[in-house]
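# Coordinate inspection notes
Each chain is listed here by its residues.
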Amino acid sequence: MSMACSSAMKWSEPHLPADGGPPTIKNHSVTYHNGLLYCFGGYDGRRNHMTLLVYSLRDQRWTPVNGVGTGGGSQTNPPNTGIDGGNGERRGRGGGSPAYMTVGGTPPPGRNGHTATLATSNRDGTNPNPNDEDDGARIFVIGGWLGSGPLAASDMHVLDISGGLEGLRWYQPPVRGTPPGPCNMHSADFVPSRNEVYVFRGGNGREYLNDLHALDVNTYTWRNVETTGASPQQRANHSSAVLDELEELFIFGGWNGKERLNDIHILHTGTGAWTCPRIGGVLPHPRAGMTLTALRGRLYLFGGSGTSSKCFQDLQILDRKEMLVFLSLFLDALLLPLFCRRG
């Protein structure tokens, strides 16, 4: 695990327990909110995980979560996980982590290749005050690969984190409309101005897809997104990000079943128009399994795998205003195993 300091663009490695802490997994999800990282699921080479772990950036430690699910879905971490429980103090907000946590409800079955998207809109459809601790925060877990059957999962589960660490709760809400269907190695991004999660479906276990769906996070209503312009070609294991201030959804790269891609497409979520802009500078090499993060008018592209499953060690930045890739940082080869988001 590594972190980048945004002001100085310097990588650092946080403290981990002597045995490394959480299990070695891939194709899991990590979602940030209020100084905490929520890690769910993943594949360890033998089985899928249904474990929920929380990492405090302030305390630099992992905390296990004990589930008390109904209907046989309980989640319990073994006592000797190597995850530091601290001194027993219980803290719920402000970035600190208690010695242990319990999450209510029934957790999703173990999976990998899913998405876990943070939505912070209030239940009445209004955007929350950034300084309000109770911001209606929920993490939407969609799809993934369960390890059985010909198709990917088509379910959706929600983790309510609005009450802090002491009020974590899984639930599976009834939905309206037509859900996307089976999806794996897809992308899902929350658009605050529309109170919707946009899902670019990726694969379903049999074929590569490019259909686009949106979920209203307050009414749990799905709709097919009608668009104009040239849609991105079918792909999976791509990356995506939203620039909130511009209401734009970006899709980059991925794998179409024959080759890795390095194209970038932009959807204006207000008009539904797709564009494929010309990018200045040197484009990133074709790749899949990378991350894409939007911050202050820029997109940060990190890692991924290229031909022959080569893991990239570069961090590249796209300036949205200039449409220019202007920075490429190559990192220490010793950190290469950290850079492929998905296998």
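Residues numbered from 1 in each chain as written. Predicted model: local features only at pLDDT ≥ 70, side-chain atom pairs only at ≥ 80, totals over all residues. Heavy atoms only, no water.

## Overview of the overall build of the chain
Our working definition: A run of DSSP states H or I qualifies as a helix once it reaches four residues; a run of E qualifies as a strand once it reaches two. Both are numbered from the N-terminal end. Buried residues are those whose accessible area, probed at 1.4 Å on protein chains only, stays under 20% of the maximum for their type, while exposed residues exceed 50% and partly exposed ones sit between those limits. Note on contacts: a residue pair qualifies if any of its non-hydrogen atoms lie within 4.5 Å across the two residues. Residue burial considers only the protein chains on display, and all accessible areas are found by Shrake-Rupley using a 1.4 Å probe.
Tallying secondary structure elements over the chain gives 0 helices and 23 strands in all. Here the chain holds 343 residues, and 50% of them are scored as buried. Counting only contacts in the chain whose residues sit at least 6 apart along the sequence, the fraction spanning at least 24 positions is 55%. Total accessible area computed for the chain in this model is approximately 15,800 Å², and 51% of it derives from carbon and sulfur atoms.

## Regarding the pattern of salt bridges
Put simply, the rule reads: Counted as salt bridges are all cases of a side-chain nitrogen of Lys or Arg within 4 Å of a carboxyl oxygen of Asp or Glu.
A complete count under the given rule lists 10 salt bridges for this structure. The salt bridge partner of Asp 155 is Arg 111, with a shortest N-O separation of 2.8 Å. Highlighted residues: Asp 155 in the loop between strand S9 (138-142) and strand S10 (156-160) and Arg 111 in the loop between strand S7 (101-103) and strand S8 (115-119), separated in sequence by 44 residues. Of the two residues, Asp 155 and Arg 111, neither departs from the other in class, the shared state being buried. We note a salt bridge from Arg 201 to Asp 211, for which the minimum N-O separation is 2.8 Å. Note that Arg 201 is positioned in the loop between strand S13 (196-200) and strand S14 (212-216) and Asp 211 in the loop between S13 and S14, a separation of 10 residues in sequence. Owing to a relative accessible area of 21%, Asp 211 belongs among the partly exposed residues under this scheme.

## Re the packing of aromatic side chains
Applicable threshold: Planes of paired rings set the category: under 30 degrees apart is stacked, over 60 is edge-to-face and the rest tilted, where pairs are Phe, Tyr or Trp rings (Trp by its six-membered ring) whose centres lie within 6.5 Å.
Counted under the stated rule, the structure contains 4 aromatic pairs. On the basis of an interplanar angle of 55 degrees and a centroid distance of 5.1 Å, the ring pair of Tyr 55 and Trp 62 is categorised as tilted. For the pair formed by Tyr 55 and Trp 62, the shared burial category is buried. Ring plane angle 80 degrees and centroid distance 6.4 Å describe the contact between Phe 200 and Trp 274, whose orientation is recorded as edge-to-face. You can see Phe 200 sitting in strand S13 and its partner Trp 274 sitting in strand S19 (residues 273-275), a full 74 residues away along the chain. Like Phe 200, the residue Trp 274 is buried in the burial classification.

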